[in-house]
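# Structural overview for review
Take a look at the letters that make up each chain.
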Amino acid sequence: VSCGGICPGLNCVIREIVNMLWAYGVRKIYGIKGGYKGVMEPETWLELTPELVKDIHMEGGTMLISDRGNPAHLDMAKMLQSKNVRQYFV
């Protein structure tokens, strides 16, 4: 899960994605801080759980810190592949 530019409701979207993935049995969900730039910094990724995101819809902004940086798409794809990421929500 990553965020590009800021817009209202991103925390709600993050919360619902995490809850739905969890309901389908996914237990390793990463939140990527800093938008696309954050993809290239896996040491800053957060492991998201329903417990962690349960109240984020009450806060403004985004817990993942949005950014419009643009690393090369191929570099991002290689990083996601190296971390065994099979689905990527933006």
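Each remark here, short or long, concerns the structure printed above.
Residues numbered from 1 in each chain as written. Predicted model: local features only at pLDDT ≥ 70, side-chain atom pairs only at ≥ 80, totals over all residues. Heavy atoms only, no water.

### Digging into the overall build of the chain
- Scanning the chain from terminus to terminus reveals 4 helices and 2 strands.
- Tracing the chain from N to C terminus, the helices and strands come up as α-β-α-β-α-α.
- Over its C-alpha trace the chain gives a radius of gyration of 13 Å, about what one expects of a compact globule, namely 12 Å for 90 residues.
- Per-residue burial over the chain gives 31% buried out of 90 residues.
- Partitioning the intrachain contacts of the chain with sequence separation of at least 6 by distance along the chain shows that 73% fall at a separation of at least 24.
- Counting every atom, the chain has about 5,700 Å² of accessible surface; 55% of that belongs to carbon and sulfur.
- Of the charged side chains in the chain, 10 are positive and 9 negative, and the gap between their average positions amounts to 5 Å. (Helix = DSSP H or I, 4+ residues; strand = E, 2+ residues; numbered from the N terminus. Rg over C-alpha atoms; globule rule 2.2 N^0.38 Å. Buried < 20%, exposed > 50% of the residue type's maximum accessible area, 1.4 Å probe, protein only. Contact = heavy atoms within 4.5 Å. Areas by Shrake-Rupley, 256 points an atom, 1.4 Å probe, with all protein chains shown as cover. Lys, Arg positive; Asp, Glu negative; His and termini not counted. Charge placed at Lys NZ, Arg CZ, Asp CG, Glu CD.)

### Some remarks on the side chain of Thr62
- Take Thr62: it is sitting in the loop between α3 (50–53) and α4 (73–82).
- Of note is the side chain of Thr62, whose polar atom sits 3.0 Å from the backbone nitrogen of Leu64. (Polar contact = N/O pair within 3.5 Å; in protein donor to acceptor, adjacent residues only side chain to side chain.)

### A word on the layout of surface pockets
- Size it by volume and the largest pocket reaches roughly 390 Å³.
- Forming the walls of the largest pocket are 15 residues, and the residues nearest its centre are Val26, Lys28, Val85, Arg86 and Gln87.
- Residue composition of the lining of the largest pocket, by class: 10 nonpolar, 2 polar and 3 charged. (1 Å grid on protein atoms, 1.4 Å probe; cavity = no way out; pocket = protein on both sides within 12 Å on 5 of 7 lines; lining within 4 Å. Points joined across faces, edges and corners; volume = space filled by probe spheres on them. Nonpolar A, V, L, I, M, F, W, Y, C, P; charged D, E, K, R; others polar.)

### Side note on the environment of Leu52
- Here Leu52 shows up in helix α3.
- By relative accessible area, Leu52 is classed as partly exposed at 44%.
- Leu52 sits 43 residues away from Gly9 along the chain, and the two C-alpha atoms are 17 Å apart.
- Residues contacting Leu52, with those up to four places away along its chain left out, are Glu47 and Met63.

### Here we look at the pattern of salt bridges
- Tallying each qualifying case throughout the model produces 2 salt bridges.
- Residue Arg15 is joined to Glu16 by a salt bridge in which the shortest nitrogen-to-oxygen separation is 2.9 Å.
- On the accessibility criterion, Arg15 (22% relative accessible area) is partly exposed. (Salt bridge = Lys/Arg side-chain N within 4 Å of Asp/Glu carboxyl O.)

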